[in-house]
Amino acid sequence: NPPPLPLLFPPLSLPLPLLPPPPPPLLLLPPPPPLPPLSPLLFFSFPPLSPLMAAAEIENGDVLFHRDAAANTWGVLNVREDFAKQNPDLTRTVLGAYEEARKLALSDPQELKRILGAATKLPEPVVARQLERTDLSQPVIGKLQAETILEAGTALLDAGVIPAGTDVGAAVQALIDPRFGPAAQ
């Protein structure tokens, strides 16, 4: 059995005044199969759990009761600065491969569905539900993505996960490096 997956629940998910403060942000979940019934649990949707939630919806009839696509913190590729400095060509090659795959996925959604089903062993309806919630339209971290990352960082700062006094805006700016984006290829 694989070990439980560490998953981060962003406090940004439900910034409603009626909710209690968020629980600690780290939660260990067992591997998905077999799929447990999730209906009695509070369940927030975010990318690492999306296949699990999609399966719960399709296979158990569970209802996703809250999803705010505007609070999406997007999926981005990360690389350590020292690695990128020491291996700029390799970094560009990997990012170029991801960009090529993104374009292919957009050009042939049925083939993407087939490939994901074969690779993940998930049923086609679960893969389809997962892909309904996946935005492949953005090849670079733009203003919208930077804003949602900043909001998530601010929420983590407010929750005490990030040390007080941290300049989240400066950290986000420093982390987004356009030198390796598709325009630089």
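For the structure itself, consult the block above.
Predicted, not measured: the structure shown is a model, and the values here were computed from it.

**As for the overall build of the protein**
Next up, step 1: When helices and strands are tallied, the protein shows seven helices and two strands.
Next up, step 2: Each helix and strand of the protein, ordered N terminal to C terminal, gives the series β-β-α-α-α-α-α-α-α.
Next up, step 3: When the 185 residues of the protein are sorted by exposure, 25% land in the buried category.
Next up, step 4: Within the protein, contacts between residues separated by at least 24 positions form 56% of all contacts whose residues are at least 6 apart in sequence.
Next up, step 5: About 12400 Å² of surface is accessible on the protein, with carbon and sulfur atoms providing 64% of the total.

**Examining helix α6 (residues 143-158)**
Next up, step 1: Taking 1.5 Å as the rise per residue, α6 with 16 residues should run 22 Å; its terminal C-alpha atoms sit 22 Å apart, in good agreement.
Next up, step 2: Every buried residue of α6 is listed here: Q145, T148, A152, G153, A155 and L156. For α6, the arc enclosing every buried residue in end-on projection is 160 degrees, short of the 170-degree limit, so these residues lie on one face. With respect to the buried face of α6, the exposed residues turned more than 90 degrees away are K143 and D158.
Next up, step 3: At its buried positions, α6 is contacted by α7 (168-175).
Next up, step 4: G160 lies just past α6 and shows a positive phi near 85 degrees.

**Considering the side chain of E57**
Next up, step 1: Relative to the helices and strands, E57 is located in helix α1 (residues 50-60).
Next up, step 2: E57 gets classed as buried once you look at its relative accessible area, which sits at 14%.
Next up, step 3: A distance of 3.3 Å separates polar atoms of two side chains, one belonging to E57 and the other to R129.

**Describing a nonpolar patch on the surface**
Next up, step 1: Taken together, the side chains of L77, L90, V94 and Y98 define a hydrophobic patch exposed on the protein surface, amounting to about 370 Å² of accessible area.
Next up, step 2: Along the chain, V94 falls in helix α3 (residues 88-107).
Next up, step 3: Judged by its relative accessible area of 40%, V94 is partly exposed.

**Quick word on the environment of T120**
Next up, step 1: Here T120 lies in helix α4 (residues 109-120).
Next up, step 2: For the pair T120 and P51, spaced 69 residues apart in sequence, the C-alpha to C-alpha distance is 9.6 Å.
Next up, step 3: A distance of 2.6 Å separates a polar side-chain atom of T120 from the backbone oxygen of L116.

Thresholds, definitions, all that
- Residue positions are counted from 1 within each chain, in the order its sequence is given.
- Given that this is a predicted model, residues contribute local features only at a pLDDT of at least 70 and side-chain atom pairs are listed and counted only at 80 or more, while totals for whole chains, interfaces and linings are drawn from all residues.
- With hydrogens and water excluded, all non-hydrogen atoms of the structure serve as input to the side-chain values.
- Only DSSP runs of H or I reaching four residues or more are called helices, and only runs of E reaching two or more are called strands; each is numbered from the N terminus.
- A simple rule labels every residue: compare its accessible area, found with a 1.4 Å probe on the protein chains alone, to the largest value its type can have, and call it buried under 20%, exposed over 50%, or partly exposed in between.
- Contact between two residues is taken to exist if any of their heavy atoms lie within 4.5 Å; hydrogens are not considered.
- Note that accessible areas follow from Shrake-Rupley with a 1.4 Å probe, and for residues the cover is restricted to the protein chains shown.
- A helix is expected to reach a length of 1.5 Å times the quantity of its residues less one.
- Directions from the helix axis toward the C-beta atoms define the arc.
- As used in this structure description, the phrase polar contact means that two N or O atoms lie within 3.5 Å; if the pair is within protein, one of them must be able to donate a hydrogen and the other to accept it, and residues adjacent in sequence are counted only when both atoms belong to side chains.
- In this analysis, a patch consists of residues with relative accessible area above 30% that form no salt bridge, clustered at 9 Å for like charges and at 5 Å for the nonpolar side chains Val, Leu, Ile, Met, Phe, Trp and Tyr.
- Put simply, a salt bridge is a Lys or Arg side-chain nitrogen that is within 4 Å of an Asp or Glu carboxyl oxygen.

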